[in-house]
Every structure is written in structure tokens, then in C-alpha cells.
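Topology and contacts: notes
Each chain, letter by letter, is given below.
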Amino acid sequence: MHVYWGIFLLAFDMLALQVALSRLLSVTSWYHLAFFAIAIAMLGMTAGATRVYLDPDRFSPAKNATNLAEACLWQAWSIPLSLIVLCLTPLVFVQNIMFFLALLVIASA
């Protein structure tokens, strides 16, 4: 039963992060870039589901607690890091390679 609560809290935290990122991106950059970030996050969740499908031995029911603890640890480190990267990456709206790289950094954070 604890695993289900952990999965619920992890999914709820990811949803709250997406809402916070969309609000922060709509303030710091173009408004539609926030929806681009949500689409990228959904693509990342699909990549995670594909990984579980392709490697079923690593994600067996016996390893649920270990996998959940590892996912929570990675998420706990990545949330503040992504918010810091988002706040510190300047977006100067000119058409050159540095602007494109800044968009890639923000989209991957």
C-alpha cells in the first residue's frame, strides 16, 4: 500500500512542477513556450513508460520500493536544479545560435 501512496505523491509532485514551470515560463518568456515545455514533459513521461516496457526485469514488482525510492531521489534533486536553470538562463530574443541553445536548455530543464 505504501508503494501506491508513493506513486501518487510522485505523480502529484510532477503535476505541481508542470504548473509551476508553465507559470514561470509564461512570465519569463513567450506565453506559448510554457505549453511547449508541458509537451516536452509529456514526451518525457512517455519515454519513461517505454523504458519500463522495454526492460521489464528491472521494473519487476519485487523491486517496486527500490525503484520508487530512486525515482523520488532523482526528482528531489532535479526540481530545484531545473528551477535554478530556468531562472538563470537569459532569453534574449534575437535569431542566432545562442538563442537556440538557450531555448534548448530551458526546454530540457
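Heads up: these notes are all about the structure in this document. These figures come from a predicted structure and were not determined experimentally.

1. Some thoughts on the side chain of S82
Looking at the element boundaries, S82 is found in helix α3 (residues 64–88). A relative accessible area of 7% means that S82 is categorised as buried.

2. Focus on the nonpolar core
The biggest cluster of nonpolar side chains holds nine residues, and these are L17, L21, L25, L33, A34, A37, I79, L86 and I106. Those elements giving two or more residues to this core turn out to be α1 (2–28), α2 (31–54) and α3.

3. Describing the layout of surface pockets
Volume-wise, the largest pocket comes out at about 1,400 Å³. As for the largest pocket, its lining consists of 40 residues, and the residues nearest its centre are M14, G44, M45, G48 and Q75. For the lining of the largest pocket, the per-class residue count stands at 27 nonpolar, ten polar and three charged.

4. Some points on the side chain of N67
Structurally, N67 can be placed in helix α3. On the basis of relative accessible area, N67 is assigned to the buried category, the value being 15%. Ignoring any residue separated from it by four or fewer positions in sequence, one finds N67 in contact with R58 and F59.

5. Section: the pattern of salt bridges
Evaluated as defined, the whole model comprises one salt bridge. Measuring nitrogen to oxygen at the nearest pair gives 3.1 Å for the salt bridge that ties E70 to R58. With E70 in helix α3 and R58 in the loop between α2 and α3, the pair connects residues that are twelve residues apart, well separated along the chain.

What counts and how
- Residues numbered from 1 in each chain as written.
- Predicted model: local features only at pLDDT ≥ 70, side-chain atom pairs only at ≥ 80, totals over all residues.
- Heavy atoms only, no water.
- Helix = DSSP H or I, 4+ residues; strand = E, 2+ residues; numbered from the N terminus.
- Buried < 20%, exposed > 50% of the residue type's maximum accessible area, 1.4 Å probe, protein only.
- Core = buried A, V, L, I, M, F, W, Y, C linked by side-chain atoms within 4.5 Å.
- 1 Å grid on protein atoms, 1.4 Å probe; cavity = no way out; pocket = protein on both sides within 12 Å on 5 of 7 lines; lining within 4 Å.
- Points joined across faces, edges and corners; volume = space filled by probe spheres on them.
- Nonpolar A, V, L, I, M, F, W, Y, C, P; charged D, E, K, R; others polar.
- Contact = heavy atoms within 4.5 Å.
- Salt bridge = Lys/Arg side-chain N within 4 Å of Asp/Glu carboxyl O.

Geometric descriptors of this kind do not, in isolation, establish any biological role.
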